[in-house]
Every structure is written in structure tokens, then in C-alpha cells.
Amino acid sequence: MEMEEVNQEQGNSFSFSAYWPSIAIVGAIFSLISFVIGLYFGYQQINSEPTGSFISPIMISSGVICLATAFAGMLAVWHYTKEVSPFMKLGQGALVGFLTGAAIVIFSTVLNELWLLIDPEYTEKLIEATIANVEAMDLPADARDDMVDAMAQSMRDQSFLRQLFIGIPVPGLLNMGTAMIGVKLFAKKEDEISF
Amino acid sequence: MKYKLLYTGVLIALSLMVLFSLGSGIWGGEAGGHWTEQLFRGVCHQIPDRTFVFMGELMAVNTRCFGIFLGLLTGWGLIPLLKNRVFKKKWPLACLLFAGLLQIIDYSGNLFLLWENTNSSRFLLGLPLGMFSSIVIADLFQST
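Residues numbered from 1 in each chain as written. Chains lettered and ligands numbered in written order. Predicted model: local features only at pLDDT ≥ 70, side-chain atom pairs only at ≥ 80, totals over all residues. Heavy atoms only, no water.

Residue and element names in this part refer to chain A. Between helix H4 (residues 72-83) and helix H5 (residues 90-118), the shortest axis-to-axis distance is 8 Å and the interhelical angle comes to 120°. As judged from the angle between their axes, H4 and H5 are oblique. The hand of the H4/H5 crossing is right-handed. For the pair formed by H4 and H5, the contact residues are Ala72, Gly73, Ala76 and Val77 on the first element and Gly93, Val96, Gly97, Thr100 and Ile104 on the second. (Axes fitted to C-alpha atoms, helices over the stretch in contact; angles between N-to-C directions. Helix = DSSP H or I, 4+ residues; strand = E, 2+ residues; numbered from the N terminus. Parallel < 35°, antiparallel > 145°, perpendicular 65-115°, else oblique. Left-handed = near helix turned anticlockwise from the far one by under 90°. Contact = heavy atoms within 4.5 Å.)

So this is what it looks like as C-alpha cells:
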């Protein structure tokens, strides 16, 4: 009973130090997964012949990564309720979810930057392969040129801070949503405390 | 209703997400490298022939993602109206699981060439998935 009271107190007072391990562990695992998936599809794009299809490996990777990482917020809440305290308020869960989404973006951006130390030409090769695929598409010349210019520019203009600034909001919001579902599924509510 | 601040904050965020997902047609500029497309690049494949055209330009997300985002916003908007209809009820979770199952069936059928899904079918199937994802937590906002 004492343990439950302590856990409930933890649930009522928000302390970042109690939440960071769940955010960091789940964020690190999911960023590694998204990094590996991105790299796999990236090299598949680089090493494949341009087909001219809109459905290219690099296009598929973002959908797969989204699916894989959207549940990180829910998992972070699950981890917290298992390892720290079974009590969690909805707002706390929402914040944990958003921060988990942000952690995934930060870790995977760092991993991508580190990969450039191993393969410095990765980005250029990926841009060339993507452009080659666009050029093989059955499109009017003007539309194709515009598409190539826009893609090349957006893939090159990816500074570290820009990637974080533009990359965090949407995954953060989606993970916030799954984390709130996680609170409903895994966290104990105050009216469920048994004395 | 509990957590009014959280509810309002998420409502604003979801509204912005739907507005941004409409893409360059509403925000100015041309599709292809537009900032709205970059915003969703990490979560959507943005394949042009699987994307709606809005105000003469491709939207920033594909039809399924747009359906999910619009569904999330619609469901979130319904939360204050649901009240006792969701409190300690199991139907929202059952509906969410069914909506998820529909996605798997639709994707698999298309993958194994059993049928060919369309932009409209992807949008219409994405809509309930998003909507019930919001509604499933509606009871947490109820005071009773």
C-alpha cells in the first residue's frame, strides 16, 4: 500500500528526471530502427536502375518509417508505467509522447550525419539516383525539369538545424496521440487505486 | 470536461496540421520542395499519383494520410459532444481496431493484386482510422 502511495505521488507531480529514461530509451531504439530502414531503402534506390515509377524505394521508406515510429509514444508510456510508476495523467503522457517523437528525430538526424562520415557521398548518390528515376518518368519535359530542380534543392538544403526544426512537429504530434492512447491503455487512473 | 488546455492545444495543432497538409495550393508557391511537403516528408511517401490536387497544386500528403489527419481532427472535435456515450464504453476501441484492420485488408488486397484501391478509397478508409484514434481517448476528457 505504501508503494502505491509513493507511485501515486510520482504520478501527480511531474518530474522530468522520472520521464527521461523512457523517452531516451524508446527514442533511441526507434531512431535506430528508422535510421536502418531509411538507409536500407536509400541504398536500394542508389543501387537500382531508374524505373520511372513514382513508387520508388525512397518514397516507400517514409511511409514505412512513419508506421514504425508512430507507436513510439505509446511504447514510452508503457515503459514508464512498467518501470517507474503505473500512474500517469493525460497531459504528462502527451508531453512524453511529443518528446519521444522529438527524440527520434534528433537521434536519427545525428545518426544520418554520422553516416556521412562513413559514406560522405551518400546524399549526392541518393540525389542522383532520385533524379535519374524522375528523368525516366513519362512526364512533360517542363514538369519533369521543375520536379528535378525542386527535389534536388530540397534534398541539398538540409542543414542539421533545419532538419530538426521542420522534422519534429508532425512526428511529435503523432506520437503525442499514440502516447495519449497509451495512457488510456496502460496507466492507472486515480479512481482505480485500491486501499 | 477535464484537461481543457490540453484539449484546446491539440485542437489547434491538429487544425494546423490539416491546413498545412493541403499543401502549396493554399499557402502559395508550387508543389515540389514546398515547405509544407518538407514538413510531412518524414511521415508520408507523398507519391504524386496518390495525392489529391487542391487549388491547382498537389497536396503535401497522400490521400490516405490526409484522410487520417482529417479524421483525427474530426474525432477530436467530437470529443466534447460524446460525453456519456464513451465513458467506460468499449465500442471506440473496437471501432479503432476494425478501422486498423480495414487498412491492412485494403493494403494487402492492393499489394496482392486482388483489387486496385483508388485515391477516394484510400481517403475514405483513412478517415475512420484517424477519427477513432481521437475518439478512443474521449472518455479521459469526461468529468464524470
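Moving on, we get to H4 of chain A. An α-helix turns once per 3.6 residues; consequently, residues spaced three or four apart project the same way. Taking 1.5 Å of rise per residue, the 12 residues of H4 of chain A would be expected to cover 16 Å, and the 16 Å separating its terminal C-alpha atoms lies within 8% of that figure. Buried within H4 of chain A we find Ala72, Gly73, Met74, Ala76, Val77, His79, Tyr80 and Thr81 of chain A. (Expected span 1.5 Å × (residues − 1). Buried < 20%, exposed > 50% of the residue type's maximum accessible area, 1.4 Å probe, protein only.)

A few words now on the interface of chain B and chain A. Counting residues at the interface gives 33 residues for chain B, matched by 30 residues for chain A. Summed over both sides, the interface of chain B with chain A buries roughly 2,500 Å², with 75% coming from carbon and sulfur. When the buried area of chain B at its contact with chain A is split by residue, Gln38, Val43 and Leu140 of chain B rank highest and sum to 21% of it. Across the contact surface, chain B and chain A share 1 salt bridge. Across the pair Lys184 of chain A and Asp139 of chain B runs a salt bridge, and its minimum N-O distance is 2.9 Å. Along the contact surface separating chain B from chain A lie 3 residue pairs in polar contact (both at pLDDT 80 or more). (Buried area = accessible area lost by both parts, 1.4 Å probe. Salt bridge = Lys/Arg side-chain N within 4 Å of Asp/Glu carboxyl O. Polar contact = N/O pair within 3.5 Å; in protein donor to acceptor, adjacent residues only side chain to side chain.)

Tallied over the entire structure, the rule returns 0 disulfides over all chains. You can see Cys65 of chain B has no disulfide; the closest cysteine sulfur is in Cys44 of chain B, sitting 3.7 Å from it. (Disulfide = S-S within 2.5 Å.)

Moving on: the packing of H5 of chain A against helix H9 (residues 169-186) of chain A. When two helices pack together, their arrangement is given by the angle between their axes and by how far apart the axes lie. Residues and elements named next belong to chain A. The contact between H5 and H9 brings their axes to 7 Å, and the two run at 140°. Between H5 and H9, the angle is such that the two are oblique. Crossing handedness for the pair H5 and H9: right-handed. Side by side, H5 and H9 meet where Leu90, Gly93, Ala94, Gly97, Phe98, Gly101, Ile104 and Val105 of the first sit next to Pro169, Pro171, Gly172, Leu173, Asn175, Met176, Ala179, Met180 and Val183 of the second.

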